[in-house]
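Letter by letter, the chains look like this.
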Amino acid sequence: MTRVAVFYGHAASNWGDLAINSGLVEMLQSLDVDVEQSFAVRLNPSDKYSEPSRESLQSMALLDAPLDGASKSASRELMQLNDYVSALDGFIRDFKLRSLDFIIINSGEHFFESATQENFRDLLWRALPVMASNRARTPVVVMPSTMGPFRTPFGETLMNLLKRLPVGMAFRETTSPEIVGQEPSEDTPVLLDPGFFAKGLKRKEDDDGERDVTHYGMVLRLEDYGLRAGSRRSAFVQTKNRNSNFRDSAAYQTYAEFGRRQLRAGHRVTIVVQTLADREISLALFEGLHEEFPDSGIRLEDPEDFSAFLECMRAPGVLVTSRFHAAILASAQGVPVVGIYSQTHGHKMPGLFDLLELGECSVRLDDRAAAQVVTEMVDACGVAVRQKAHTAARIDALKVRTLSWLEAALRKGFERPIDTSKTQIQALATINRVLAETMSKEHEGSIKASIKGIEKSLDELIDRQAASQEETVEDDD
C-alpha cells in the first residue's frame, strides 16, 4: 500500500482547518493509502489545539516541527530555514522523505506573499517539502489550494516550480488560476477542498428547496483581519473594534441588519462561532440582537468539537457566512449558502461560489452601505434556495472528479529532476534580508527591555533610599 507524508497537518482553533485534515484522511483511505503507516508533519502546534488536530488526522502518525520541540525566536527559526534551504538533504533526512511513496502538500491558502512580507517564514516552510521532493526523487502532490498573489522574485520562482514539479496540483476555487497566471487544465484543474469529504458530513434530504426558510444561520468574521491581513494588522483591528464592542465594524453592522430583518419576520436566527478569532464579535452581535429582540428566536452556538460544528452547519434552512469552510461544510450537507467576503480575506470566497455555479450568492462587503449589502444578501438567499438541487448535483460531480484526480496522481512516479537552485538562491537572499531586519528588531527590543529593567531597579532603589531616610528621621524624633 501507498505510504505518504502530509505537509502540514493543521492545528488551530478553526474548525475549518480541522475539516481539511479530516477530509484529506478520508480521501486517502478511500484510495487505499496506508494511513496508519503514513504521517503528518505539524508546524509548532500549541498544546491547546494539539488534541483536536490529532483527532482530525485519525490514525495517521504525527511528527511536529521543530523536531526538538523547542520554541524558537524568529531569528533562530530563520537560521534553521537557512540550513534547510542551503542543504536540502538535511530536511530530507529529518522528515524521512526518501522512505515515502508520495509527499502530500495539504490544502489551504498559505502559498501567497503578503504586502508586508510578514508571512515569509510560513511560506518558506510550505516551499521546503516541494523543493526537497525534487532532491529526494519522491513525487509530490499539491492538494486543491488557494494561491497567490506572489510579489517578489522568490514568490515568482516558487510559483514556476509549482507549475512544473508536482505530479498533481489543483486549485480549490476559480480565482487563483487567474491571479497566478495558470490556466486551469487537466494537469492543473479546479477541484474541491478536502473539507467536502470531512468525516461526519450528512446530507439533508428534508425538502426540495421550495419551502419557505424560517431558520437562518450566520457565521461572521471581522473584516480586515486574518491570515492575509497579518498578525500585526489583525491585532490592531481587533483592539480598535473592541472599543465599540465591534458595533462600528462593517461586519457587525451588516450581519446585525440582516439578523433584524429575519427576526422581524418571525424567523429564527442562530449565530455560530467557527474559530476563536470570531468569538468576541459573534458574542457582541448576539448580545446586541438579543437586547433588541429579547423574546425572539436568536441563539448563539459555540461548538465544543468538530462533530457539533457539523451539526450547526446542517441545522439552518440557509447559512450566511464570511467563513470559507462554513460555506463548504454547510453546502456539502445540502444547506443553501450565501458567502460574504472582504477583499482583505482574499479571493477564495468568490472563487468557491463560482466553482459551485453560484456566483450570484457571493456578496462583497467592503466600503459599501450595510443596507445595500443586506438587500443583496436577502436576494442571494433566494437564489441559493432555488439552486439547492443543482448545487447538490454539482458538488457530487466535483467530488467524483476530485477523487479521480487524486487517484491518478498517486499512480504517477517521479518524472524528472528539475533545477531548483534559482528558487533556493532567491529564498536564501530573502532569508538574509529578513534575518537582518528581525535581528535588528530583536536587538532593539532587547536593549529597550534592558533599559526598562535598569529604570525599574533605579526606581526601586530610590524608593528604598527615601523610605530609609524617613525611618531615620522618625528615630531621631
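Residues numbered from 1 in each chain as written. Predicted model: local features only at pLDDT ≥ 70, side-chain atom pairs only at ≥ 80, totals over all residues. Heavy atoms only, no water.

Draft legend 1. Highlighting the pattern of salt bridges. According to the stated counting rule, one finds 24 salt bridges in the structure shown. Across the pair Glu257 and Arg260 runs a salt bridge, and its minimum N-O distance is 3.2 Å. Highlighted residues: Glu257 and Arg260, both in helix H9 (residues 250-264), separated by three residues, approximately one helical turn. Residues Glu301 and Arg299 are paired through a salt bridge, measuring 2.5 Å at the closest nitrogen-oxygen approach. Assessed through its relative accessible area of 23%, Glu301 is described here as partly exposed. You can call Arg299 partly exposed: its relative accessible area is 48%. Three or more residues are tied together by salt bridges with common partners; here these are Glu257, Arg260, Arg261 and Glu292. (Salt bridge = Lys/Arg side-chain N within 4 Å of Asp/Glu carboxyl O. Helix = DSSP H or I, 4+ residues; strand = E, 2+ residues; numbered from the N terminus. Buried < 20%, exposed > 50% of the residue type's maximum accessible area, 1.4 Å probe, protein only.)

Draft legend 2. Spatial organisation of the sheet that holds strand E9 (residues 298-301). Pairing in this open sheet of six strands is parallel, and the strands run E9-E8-E7-E10-E11-E12 from one edge to the other. Edge positions in the sheet fall to E9 and strand E12 (362-364), since each has one partner strand and no second. Strand-to-strand twist of the sheet, defined as the mean angle between neighbouring strand axes without regard to direction, takes the value 20°. Pairing of strand E8 (residues 268-272) with E9 involves four bridges; the strand directions are parallel. For Thr270, the partnering residue across the bridge sits in E9 and is Arg299. Sitting on the sheet, helix H11 (residues 306-314) is in contact with strand E7 (215-219), E8, E9 and strand E10 (318-321), with an inclination near 150° to E8. Together, E7, E10, strand E11 (337-341) and E12 form the strand contacts of helix H14 (residues 370-386), whose direction differs from that of E11 by roughly 150°. (Pairing = 2+ DSSP bridges. Axes fitted to C-alpha atoms, helices over the stretch in contact; angles between N-to-C directions. Contact = heavy atoms within 4.5 Å.)

Draft legend 3. Spotlight on a negative patch on the surface. A cluster of acidic residues, Glu55, Glu304, Asp305 and Glu311, forms a negative patch on the protein surface. Here Asp305 is to be found in the loop between E9 and H11. A residue is classified by how much of its surface remains accessible, and Asp305, at 33% relative accessible area, is partly exposed. (Patch = residues over 30% accessible without salt bridge, like charges linked within 9 Å, V, L, I, M, F, W, Y side chains within 5 Å. Areas by Shrake-Rupley, 256 points an atom, 1.4 Å probe, with all protein chains shown as cover. Lys, Arg positive; Asp, Glu negative; His and termini not counted. Charge placed at Lys NZ, Arg CZ, Asp CG, Glu CD.)

Draft legend 4. View of the side chain of Thr430. Position of Thr430 relative to the elements: it lies in helix H16 (residues 421-476). With residues near it in sequence (within four places) discarded, Thr430 still touches Phe120 and Phe154.

Draft legend 5. Structural detail: the packing of aromatic side chains. One pass over the structure, following the stated rule, counts nine aromatic pairs. Plain terms: the ring middles of Phe7 and Phe95 are 5.9 Å apart, the flat faces sit at 70° to each other, and that makes the pair edge-to-face. Within this pair, whereas Phe7 is found in strand E1 (residues 4-7), its partner Phe95 is found in the loop between helix H4 (88-94) and strand E4 (102-105), the two being separated by 88 residues in sequence. For the pair shown, Phe7 and Phe95 are each scored as buried. Seen in terms of ring centroids, Tyr84 and Phe91 are 5.2 Å apart; in terms of plane orientation they differ by 90°. Their pairing is edge-to-face. Classification of Phe91 by relative accessible area gives buried; the value is 0%. Within the aromatic cluster, the residues linked to one another by ring pairs are Phe7, Tyr8, Tyr84, Phe91, Phe95 and Trp125. The ring of Phe197 has Lys399 lying over it, and the distance from NZ or CZ to the ring centre is 5.2 Å. (Phe/Tyr/Trp six-rings, centres within 6.5 Å; stacked < 30°, edge-to-face > 60°. Lys NZ or Arg CZ within 6 Å of the ring centre and 35° of its normal.)

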